[in-house]
Structure formats: structure tokens, C-alpha cells
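Fold and geometry: a report
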Amino acid sequence: IAARFTDEGTGQVVLVAAGIAGSGTRAAGEFLTDAADLKQLAESAGADWGKKNFEVVLSSQVVNGMQGKPKVEARAFW
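Description of the structure in this document. The residue numbering used here restarts from 1 in each chain and proceeds along that chain's sequence as written. The predicted nature of this model means local features are confined to residues of pLDDT at least 70 and side-chain atom pairs, given and counted, to a pLDDT of 80 or more, with totals for whole chains, interfaces and linings taken over all residues. Excluding hydrogens and water, the side-chain figures rest on all heavy atoms present in the structure.

Re the environment of Asn 53
Put simply, DSSP marks the helices as runs of H or I at least four residues long and the strands as runs of E at least two long, and each gets a number from the N terminus on. Mapped onto the secondary structure, Asn 53 falls in the loop between α2 (35–45) and β3 (54–59). Note on exposure labels: buried denotes an accessible area under 20% of the residue type's maximum, exposed denotes more than 50%, and partly exposed covers the range between, all computed with a 1.4 Å probe on protein chains only. Since its relative accessible area comes to 14%, Asn 53 is described here as buried. Counting along the chain gives 48 residues from Asn 53 to Phe 5, while the straight-line C-alpha distance between them is 4.5 Å. Throughout, a contact is declared for two residues whenever any of their heavy atoms are within 4.5 Å. Beyond its immediate sequence surroundings of up to four residues, Asn 53 is in contact with Arg 4, Phe 5, Thr 6, Ala 76, Phe 77 and Trp 78. Pairing of N or O atoms within 3.5 Å defines a polar contact, subject to two protein rules: one partner must be a possible hydrogen donor and the other a possible acceptor, and residues neighboring in sequence count only if both atoms are side-chain atoms. Side-chain polar atoms of Asn 53 contact the backbone nitrogen of Thr 6, separated by 3.1 Å.

Here's the deal with the sheet that holds strand β6 (residues 71–77)
The strand order β2-β1-β3-β6 describes an open sheet built from 4 strands, whose pairing is antiparallel. Where the open sheet ends on each side, the last strands, each with one partner, are β2 (13–17) and β6. Going from strand to strand, the sheet's axes swing by 15 degrees on average, the running direction of each strand aside. With 5 bridges connecting them, strand β1 (residues 2–6) and β2 associate as antiparallel partners. In the strand pairing of β2, Ala 2 is matched with Ala 17. Axis lines are fitted to C-alpha atoms, over the contacting stretch for helices. Their N-to-C directions set the angle, which ranges from 0 to 180 degrees. The sheet contacts of α2 involve β3 and β6, and relative to β6 the element is tilted by about 40 degrees. Pairing between strands is defined by DSSP: at least two bridges between the two strands are required.

Structure representation (C-alpha cells):
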């Protein structure tokens, strides 16, 4: 899971990178720090991308303990 939302209590932006085991969390972190992945996500979000919250479900193949490039399986914006 990779997500961005604004905490209603503090008004601060929160980023979440979480996965099953270390390889899943690494894949989510790589997704959130990859300019090409974020550009593609922004294009699918439509107008006001910078103000929208999002949650993305990712998958990634793991071979010998090494995860591959994250793939977006589902996404939501609000």
C-alpha cells in the first residue's frame, strides 16, 4: 500500500508505505520515490493532483528475496 492524505487533526500531509514483509514495504517506498511512477499516478488523478488524497494497492514479484518494480493494481483518489 502507498498512500498520501492530510491529517485532519494537524493539517499535515502523511505518507504511508506499507507491505507484507520487508520486500513489500520496500516496493511501496520505491513507488513513492520514483518520479516516473508518481507522474503516471498524477496523470490518472486528474485536476488538482497536489491537493488530492490517494491510496494505491501495489503488487511486486519477489524472487530470491528481491522485489521487482511495483505495479499498480488499484487506486483511489479523494
